[in-house]
Amino acid sequence: MASASVVDSQLNEVATKVKQYHFPVESIPRLSYDDPEAERLIRNEEPVILTGTNLVASALQWSPEYLSNNIGHGTYTVYSSKNHKFLYYDDKKICKVPTFTPPTTHQDMTFQDFLNKVTEWKEGEPYNYLQQSLNDSVGPQIVQDFAAFNWKWISDERAKNNWGALTSNLLLVGMDGVVTPVHYDEQQNFFAQVHGFKRFLLFDPSMFGCLYPYPVFHPHDRQSQVDFDNPDFDRFPRLRELKGRQAILGPGDVLYLPVYWWHQVESVPGYGMTVSVNFWYKSGPTEKIVYPLKPHQKVAMMRNIEKMITEALNNPEEVPPLLQDMVLGRYT
Ligand SMILES: O=C(O)CCC(=O)C(=O)O
Ligand SMILES: [Fe+2]
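Position labels on residues start from 1 in each chain and follow its written sequence. Written order determines the labels here, with chains lettered from A and ligands numbered from 1. The predicted origin of the model limits local features to residues at a pLDDT of at least 70 and limits the giving and counting of side-chain atom pairs to 80 or more, whereas totals for whole chains, interfaces and linings rest on all residues. Note that water and hydrogens are dropped before the side-chain values are worked out from all heavy atoms of the structure.

### Some details on the overall build of the protein
What counts here: In DSSP terms, a helix is any run of H or I states spanning at least four residues, a strand is any run of E spanning at least two, and both are numbered starting from the N terminus. Two things to know: the radius of gyration comes from C-alpha atoms, and the globule rule equals 2.2 Å times the number of residues to the power 0.38. Burial status follows relative accessibility: with a 1.4 Å probe on protein chains alone, a residue under 20% of its type maximum counts as buried, one over 50% as exposed, and anything between as partly exposed. The contact rule is simple, with two residues in contact once any of their heavy atoms fall within 4.5 Å. Methods summary: accessible areas were calculated by the Shrake-Rupley approach with a probe of 1.4 Å, and residue burial reflects only the protein chains presented. In this tally, Asp and Glu contribute negative charge and Lys and Arg positive charge; neither His nor the terminal groups of the chain are included. The atom standing in for a charge is NZ when the residue is Lys, CZ when it is Arg, CG when it is Asp and CD when it is Glu.
On a plain count of helices and strands, the protein comes out with nine helices and 15 strands. Against the globule reference of 20 Å for 332 residues, the protein gives a C-alpha radius of gyration of 20 Å, in line with a compact fold. Taking all 332 residues of the protein together, the buried fraction comes to 48%. At a minimum sequence separation of 6, the contacts of the protein that also span at least 24 residues come to 84%. Put simply, the protein shows about 16700 Å² of open surface, and 53% of that area lies on carbon and sulfur atoms. Charged side chains in the protein number 30 positive and 39 negative. The centres of these two groups are separated by 5 Å.

### Comments concerning the domain arrangement of the protein
For clarity, the cut-off: For the domains described, the bounds stem from an automatic or database domain assignment. Summed over both partners, buried area is the accessible surface (1.4 Å probe) that two parts give up on being assembled. Here, a salt bridge means any side-chain nitrogen of Lys or Arg that lies within 4 Å of a carboxyl oxygen of Asp or Glu. Here a polar contact is recorded for every N or O atom pair within 3.5 Å, except that within protein the pair must consist of a potential hydrogen donor and a potential acceptor, and residues adjacent in sequence are included only if both atoms are side-chain atoms. Residues are grouped as follows: nonpolar covers Ala, Val, Leu, Ile, Met, Phe, Trp, Tyr, Cys and Pro; charged covers Asp, Glu, Lys and Arg; every other residue, Gly included, is treated as polar.
Examined at the domain level, the protein breaks down into domain 1 (4-281) and domain 2 (295-327). Each of domain 1 and domain 2 was reduced to a C-alpha centroid, and the two centroids are 29 Å apart. If you look at the interface, domain 1 gives 12 residues, while domain 2 gives 10 residues. For the pair domain 1 and domain 2, the two sides together bury roughly 1000 Å², of which 68% comes from carbon and sulfur. Interface area lost by domain 1 to domain 2 is led by Phe 208, Val 216 and Tyr 260, which between them contribute 48%. Our count for the domain 1 to domain 2 interface comes out at two salt bridges. Residues Asp 221 and Arg 303 are paired through a salt bridge, measuring 2.8 Å at the closest nitrogen-oxygen approach. At the boundary of domain 1 and domain 2, one finds five residue pairs in polar contact (both at pLDDT 80 or more). Looking at the side of domain 1 that touches domain 2 residue by residue, the class counts come to seven nonpolar, one polar and four charged.

### Concerning a nonpolar patch on the surface
Filter applied, for reference: Think of a patch as exposed residues, more than 30% relative accessible area, with no salt bridge, where like charges cluster within 9 Å and nonpolar side chains (Val, Leu, Ile, Met, Phe, Trp, Tyr) cluster within 5 Å.
On the surface, Leu 322, Leu 323, Met 326, Val 327, Leu 328 and Tyr 331 cluster together into a nonpolar patch covering about 570 Å² of accessible area. Mapping Leu 323 onto the fold places it in helix α9 (residues 319-327). Exposure remark for Leu 323: the relative accessible area of 32% places this residue in the partly exposed category.

### Details of the coordination of the iron ion (ligand 2)
Note on metal sites: the ideal angle is 109.5 degrees for four tetrahedral donors, and 90 or 180 degrees for six octahedral donors. To be explicit about the condition: Atoms of type N, O and S within 2.8 Å of a metal are treated as its donors, and for Na, K and Ca the window is 3.2 Å; water is not considered, so some sites may appear to be missing partners.
Here the iron ion (ligand 2) is held by His 183 (NE2), Asp 185 (OD) and His 263 (NE2), and the distances to it run 2.1 Å. Considered as a linear motif, the donors of the iron ion (ligand 2) on their single chain read H-x1-D-x77-H. Residue His 183 shares its accessibility class with Asp 185, and that shared class is buried.

### Overview of the environment of Thr 99
Tracing the backbone shows Thr 99 in the loop between β4 (75-81) and β5 (104-110). Residue Thr 99 is classed as exposed on the basis of its relative accessible area, which comes to 69%. With 139 residues separating them along the chain, Thr 99 and Arg 238 place their C-alpha atoms 27 Å apart.

### Looking at the packing of helix α8 (residues 295-313) against α9
Axes are the key here: two packed helices are described by the angle between their axes and the distance separating the axes. In plain terms, the rule: An axis is simply a line fitted to the C-alpha atoms; with a helix, the fit covers only the stretch in contact. Between two such axes, the angle follows the N-to-C directions and lies from 0 to 180 degrees. Small angles under 35 degrees read as roughly parallel and large ones over 145 as roughly antiparallel, with 65 to 115 read as roughly perpendicular and the rest as oblique. Crossing handedness follows the turn of the near helix against the far one: under a right angle anticlockwise gives a left-handed crossing, and clockwise gives a right-handed one.
Between α8 and α9, whose axes approach to 10 Å, the crossing angle comes to 120°. The pairing of α8 with α9 is recorded here as oblique in orientation. Every pair of crossing elements has a handedness; the one defined by α8 and α9 is right-handed. Residues Ile 309, Thr 310 and Leu 313 of α8 pack against Val 319, Leu 322 and Leu 323 of α9.

### Overview of the pattern of salt bridges
Where charged atoms from two side chains of opposite charge approach closely, those side chains can pair. Enumeration over the complete set of coordinates arrives at 18 salt bridges. The salt bridge partner of Asp 229 is Lys 85, with a shortest N-O separation of 2.8 Å. One end of the pair, Asp 229, is in the loop between α7 (208-211) and β12 (244-249); the other, Lys 85, is in the loop between β4 and β5, with 144 residues separating them in the sequence. For Lys 152, the salt bridge is made with Asp 156, and the minimal N-O distance between the two is 2.5 Å. Taken together, the residues span about one helical turn, with Lys 152 and Asp 156 both in helix α6 (residues 151-160) at a distance of four residues. We classify Lys 152 as exposed; its relative accessible area is 59%. In this structure Asp 156 comes out as partly exposed when scored by relative accessible area, which is 35%. Linked through salt bridges whose partners overlap, the residues forming this network are Lys 19, Lys 85, Asp 227 and Asp 229.

### Some points on α8
Where we set the bar: By this rule the span expected of a helix is its residue count minus one, scaled by 1.5 Å.
Here α8 is 19 residues long and its end C-alpha atoms lie 27 Å apart, about the 27 Å a rise of 1.5 Å per residue gives. Within α8 the residues assigned to the buried category are His 296, Gln 297, Val 299, Arg 303, Ile 309 and Thr 310. In the stretch just after α8, Asn 314 is the one whose phi turns positive, near 60°.

### Description of the site of ligand 1
Here is the rule: Definition of nearness: a residue and a molecule or strand are near each other if at least one heavy atom of the residue lies within 4 Å of the molecule or strand. Lining residues are defined by having an atom within 4 Å of a point belonging to a cavity or pocket. Those points lie on a 1 Å grid over the protein atoms alone, cavities being sets where a 1.4 Å probe fits but cannot get out and pockets being open sets with protein on both sides within 12 Å along at least five of seven lines. For a cavity or pocket, the test is whether more than half of a molecule's atoms lie within 2 Å of its grid points; if they do, the molecule sits there.
What surrounds ligand 1 is the set Tyr 129, Leu 172, Thr 180, His 183, Asp 185, Asn 189, Phe 191, Lys 198, His 263, Val 265, Asn 278 and Trp 280. In this structure, an oxygen atom belonging to ligand 1 sits 2.9 Å away from a side-chain N or O atom of Lys 198. Within the side chain of Asn 278, one N or O atom sits 3.0 Å away from an oxygen atom of ligand 1. In the complex, 96% of the free accessible area of ligand 1, which totals 300 Å², lies under the protein chains. Put simply, ligand 1 lies in the largest pocket. Taken together, the elements giving at least two residues each to the shell around ligand 1 come down to β9 (179-184), β10 (188-195), β14 (262-267) and β15 (274-281). A class-by-class count of the residues in the shell around ligand 1 yields five nonpolar, five polar and two charged.

Shown next, in the form of structure tokens:
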């Protein structure tokens, strides 16, 4: 394994190579897992990069080749995209939008078939990104590595922060340069980088108005309509106000990604394939209500109101005029 200083200098090099977008970014603090400041940030639902957790130390040999040799012959969901972007959509919501054409396709295949596709990939062919929850179909060596994750540390964190159950561990194996466009999730996330380098762009929940998410009934619910590569300031004027934070993760790093925080995730181009494992946890029970509400509590409330109105009207096209009648000239 590379020593800490070798990884640090690689991270600095990666930081000089990543793409700059139209918005400013601040660096997310990178702290030792036992630094009291790290604990404070997690408690306050602020992102932090944790070093020294040993959360996935037992998996640092999980290169794509090692996984191919040890993961077994079960099948995995592999997304395929014409370009390097993999905008998420919810299959269950496709029926709500008859004109919807999925931006990616997905297919179940063995890990070995996935890796063959990636190794034989040529310019102009679709990009591939394996994304599936780890399950018990994996081979014995992977079971052993998984069992040796630092479950004690992460369970203590869960308990300290009063989170609910671990819901899943998503395994992500991406080709060089793949991007998960900006979105937010409804769970707490400890995101562990295993192999290769990822750049995260994060935006706090108060940036909702600058990121223009799709409507809740839409298959792209929780995803921003904005494309950072082609920012459309006429259509999305508040995009100009966007301010972000950046984290660059190398093998062994763990990012605390708070619930409702926006994130875009990029496998840094030129640094090869990436392997990551996330740990998604249910949020804790609602804290005692303190006014003014926190931005993420307002997002949760907006989602509920939007769902209620959409359901009651039974026709998404009637939602905007209703909301306009309710607000324009009355609250404006
Ligand atoms: O790593 C990625 O490409 C996406 C990960 C992500 O969005 C998540 O863990 O919530
Ligand atoms: Fe996510």
